[in-house]
Amino acid sequence: MNKKYLIAYGVLAVLVALVYNSTRNFIVYSPLGKIHISNVTVNYILMYMIVGALSPQLAWRLFPKAPKWVAMPFTIGVTLTLLMLLSFWYPLRW
Amino acid sequence: MKKYIPLAVFVFSLTFLTILCAKEWTWIFTSSDSGDWLASAVTWMAPQPFGSPLYILLGRFVNLLPGNLALNMTLLLSVLPSAITVLLVYLIIKRLTDKISIALVCSLTLLGSAVFLSQSTVLEEYAITIMFLTGAYYAYIKNWRYRTVLLLGLGTAVHMFVALIAVFWILADRRWKLWLGKPLLAYIMTGIVPYCLILILMACDTPRLIAGGLNLKSIMDYTTTTAKGIVGNLSIFEAPARLLILGKLTLVCFGLALVPLVYYIRDTLTHKSLTKQTAVLLATAILCLWYFATNMDVLSWTWAAFASPSIIVLVGLGLAKLSRWHLSLVCCSALTLLAINSIFLNANTLTQENPKAMAYYNELNGLPDGTVIVTERGEYSMGLFYVINNGKNLIPLVYPYLDESNFEDYRGWLNEKYQLGIDTDWDTLTLIAYLKSEGKDVYYAYEGNSRFRRCLILEEGFTEDPIKRINSLSGLPPEPFIEEVE
């Protein structure tokens, strides 16, 4: 077994230990019949992290010969489009 | 093959005993649907959409047996099917990898998986659906076409979600012609035709709670009420948090087994060696996880249980390509998770920590006969119907059925059954005021944060609780009503 796998197993073991209690509480006390609305600020940050991580990859696939700075307006465009679409699709929660 | 039978029996027995030891013999709201199934088992009535005809038929059969119904249903329709599922996973991995050690370790991993274990010990339809689904996959890899569609059909007759899984299986399999004709007919006969039972129940004189009488409007309302509001409707702002929960659930379920899983998927995609058998597993797992990731109802985490056997088989395929060190580490992880989850996530612990169902059951049974119970749709309303169907004389007012045009038949049924004399334009609040003026005891049974209470405060301007409250819900003292106004 090489070092890469040992690190992966180690990281997973630590993660399981870290999240076990909160996940168990989620399973036991998950709200019945209610919509779970979580922290909007955290969700904002996570959403922009996901969009920010995926958009440059998408931009590179769509425009392989474009310069790197194109990723920035592309990401902003994706975010704004998502916001516009979703505001029509489902009421934004804040 | 025969020499492996004792091992297979060992896997089955170990699983059965493990789940059996973890079971508190009562019904709990860890699954909010328990009330539906108990109510449908003791009286003919349409449960939550889409009806689960095979499950309620089995429930009614179990109701014929002596002993506690909740105990019998949990034992026969959750614990036993889960043990069979683990056995099937053992046989599948044994067949695909031809390695007993991997099959054993993977069976242990499934047994210790948090979501699977929790769904194996509650009164719920998932365990038996997963058993049929896993059985269908076993038949699929053995090229038993008719048995595959038969088992998929039986799974569909328990839970409609299997129909969607079946479609994805065929898409992943890509041999269209193989599944059309007689196999499709066999599937329709075993999976779709049983749903006629719900139409029959709508046509008969059954309680008009969730489903109305037999007409097109009632059928449309019944089939779309739940699904259209929650499926695929999660806001993007909620999605990252949901993905976080999904990640955490995956970690707690599979632990170190995620390494061979990721290795196998990556290896398969890199070398473009995706077989039909793997594609079917991936399609099942992705569909179930997508459902949870995009469903507005956070309780849909239980649906991740559908994905568990498929993921475990993929883990087994990954382990077959890795060295024995990996197997040893995954084995240690499986045993640890099994021990921890058996202690901290078993039904005894859950019932002690969250004793809603029994508290509710006991309080309802302690009320005087003829009491009016106001509750809301969902687990409390169906729990109430279970108590009523067991012989307790209570009048169920389920909010907001009287206030919505979709449920006209419920009003008629109440009038007919309890001789209440309700006018056609009365809403719930008017009816409560009328019943109180008639000298009836009216109790309110739901958790604090509810639509009905908000309606009382915001629309009707009540500043004090107009009706008595079932006190021991959640085992907590009742919240002062006035606090919600503030």
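Note that the structure is predicted; figures quoted are calculated from it, not measured. (Residues numbered from 1 in each chain as written. Chains lettered and ligands numbered in written order. Predicted model: local features only at pLDDT ≥ 70, side-chain atom pairs only at ≥ 80, totals over all residues. Heavy atoms only, no water.)

Brief notes about the overall build of chain B
Phase 1 of the analysis: What chain B contains, in helices and strands, is 26 helices and four strands.
Phase 2 of the analysis: Relative to its 486 residues, chain B shows a buried fraction of 58%.
Phase 3 of the analysis: The contacts in chain B between residues at least 6 apart in sequence include a share of 73% that link residues at least 24 apart.
Phase 4 of the analysis: Carbon and sulfur atoms make up 63% of the accessible area of chain B, which totals about 19200 Å². (Helix = DSSP H or I, 4+ residues; strand = E, 2+ residues; numbered from the N terminus. Buried < 20%, exposed > 50% of the residue type's maximum accessible area, 1.4 Å probe, protein only. Contact = heavy atoms within 4.5 Å. Areas by Shrake-Rupley, 256 points an atom, 1.4 Å probe, with all protein chains shown as cover.)

A closer look at empty space enclosed by the protein
If you roll a probe as big as a water molecule over the atoms, it shows you where there is empty space left.
Residue and element names in this part refer to chain B.
Phase 1 of the analysis: On inspection of all chains with the given rule, the structure shows three cavities of 30 Å³ or more.
Phase 2 of the analysis: Approximately 100 Å³ is the volume found for the largest cavity.
Phase 3 of the analysis: Along the wall of the largest cavity there are 14 residues; nearest its centre are Leu-133, Thr-134, Tyr-137, Pro-309 and Ser-310.
Phase 4 of the analysis: Tallied by class, residues from the lining of the largest cavity come to eleven nonpolar, three polar and no charged. (1 Å grid on protein atoms, 1.4 Å probe; cavity = no way out; pocket = protein on both sides within 12 Å on 5 of 7 lines; lining within 4 Å. Points joined across faces, edges and corners; volume = space filled by probe spheres on them. Nonpolar A, V, L, I, M, F, W, Y, C, P; charged D, E, K, R; others polar.)

A few points about a nonpolar patch on the surface
All names here are of chain B.
Phase 1 of the analysis: There is a patch of nonpolar side chains on the surface, built from Leu-164, Val-167, Phe-168, Leu-171, Trp-176, Leu-180, Leu-184, Leu-185, Ile-188, Met-189, Ile-192 and Val-193 and spanning about 1000 Å² of accessible area.
Phase 2 of the analysis: If one sorts the elements of the nonpolar patch by residue count, helix H11 (residues 182-192) sits on top with five residues.
Phase 3 of the analysis: By the secondary structure assignment, Trp-176 is in helix H10 (residues 176-179).
Phase 4 of the analysis: Look at Trp-176 and you get partly exposed, because its relative accessible area is 47%. (Patch = residues over 30% accessible without salt bridge, like charges linked within 9 Å, V, L, I, M, F, W, Y side chains within 5 Å. Salt bridge = Lys/Arg side-chain N within 4 Å of Asp/Glu carboxyl O.)

Observations regarding the layout of surface pockets
Residues and elements named next belong to chain B.
Phase 1 of the analysis: Size it by volume and the second largest pocket reaches roughly 270 Å³.
Phase 2 of the analysis: For the lining of the second largest pocket, the secondary-structure elements that each account for two or more residues are helix H15 (239-254), helix H16 (258-270), helix H17 (276-294) and helix H18 (304-319).
Phase 3 of the analysis: Within the lining of the second largest pocket, the residues separate by chemical class into 16 nonpolar, two polar and no charged.

What about the pairing of strand E2 (residues 394-399) of chain B?
Residues and elements named next belong to chain B.
Phase 1 of the analysis: With respect to burial, E2 is a largely interior element, six of its six residues being buried.
Phase 2 of the analysis: Side-chain alternation along E2 places Leu-394, Pro-396 and Val-398 on one buried face and Ile-395, Leu-397 and Tyr-399 on a second face that is also buried.
Phase 3 of the analysis: Note: strand E1 (residues 371-376) against E2, six bridges, orientation parallel. When the bridges of E2 are listed, Val-374 appears paired with Leu-397. (Pairing = 2+ DSSP bridges.)

Quick notes on the environment of B:Asp98
Residue and element names in this part refer to chain B.
Phase 1 of the analysis: Along the chain, Asp-98 falls in the loop between helix H4 (69-97) and helix H5 (100-112).
Phase 2 of the analysis: Under the relative-accessibility criterion, Asp-98 is labelled exposed at 56%.
Phase 3 of the analysis: Linking Asp-98 and Thr-206, residues 108 residues apart in sequence, is a C-alpha distance of 52 Å.

Let's talk about H11(B)
Residues and elements named next belong to chain B.
Phase 1 of the analysis: Of all the positions in H11, only Pro-183, Tyr-187, Thr-190 and Gly-191 are classed as buried. Summarising the axial view, the buried residues of H11 lie within an arc of 85°, below the 170-degree limit, and thus occupy one face. Those residues of H11 that are exposed and aimed more than 90 degrees away from the buried face are Lys-182, Leu-185 and Met-189.
Phase 2 of the analysis: The elements touched by buried residues of H11 are helix H8 (145-158), helix H9 (161-173) and H10. (Arc of directions from axis to C-beta.)

Digging into the confidence of the model for chain A
Residues and elements named next belong to chain A.
Phase 1 of the analysis: Chain-level pLDDT for chain A is 73 on average; 63% of the residues reach the 70-or-more range.
Phase 2 of the analysis: For chain A, per-element mean pLDDT is lowest for helix H2 (residues 40-62), which scores 69, and highest for helix H1 (residues 3-29), which scores 88.
Phase 3 of the analysis: Here residues 32-38 scores under 50 on pLDDT; set against residues more than four positions off or in separate chains, the count is 20 contacts.
Phase 4 of the analysis: In this model, residues 89-94 is a region of pLDDT below 50 whose contacts with residues beyond four sequence positions or in other chains number 18 contacts. (pLDDT = per-residue confidence, 0-100.)

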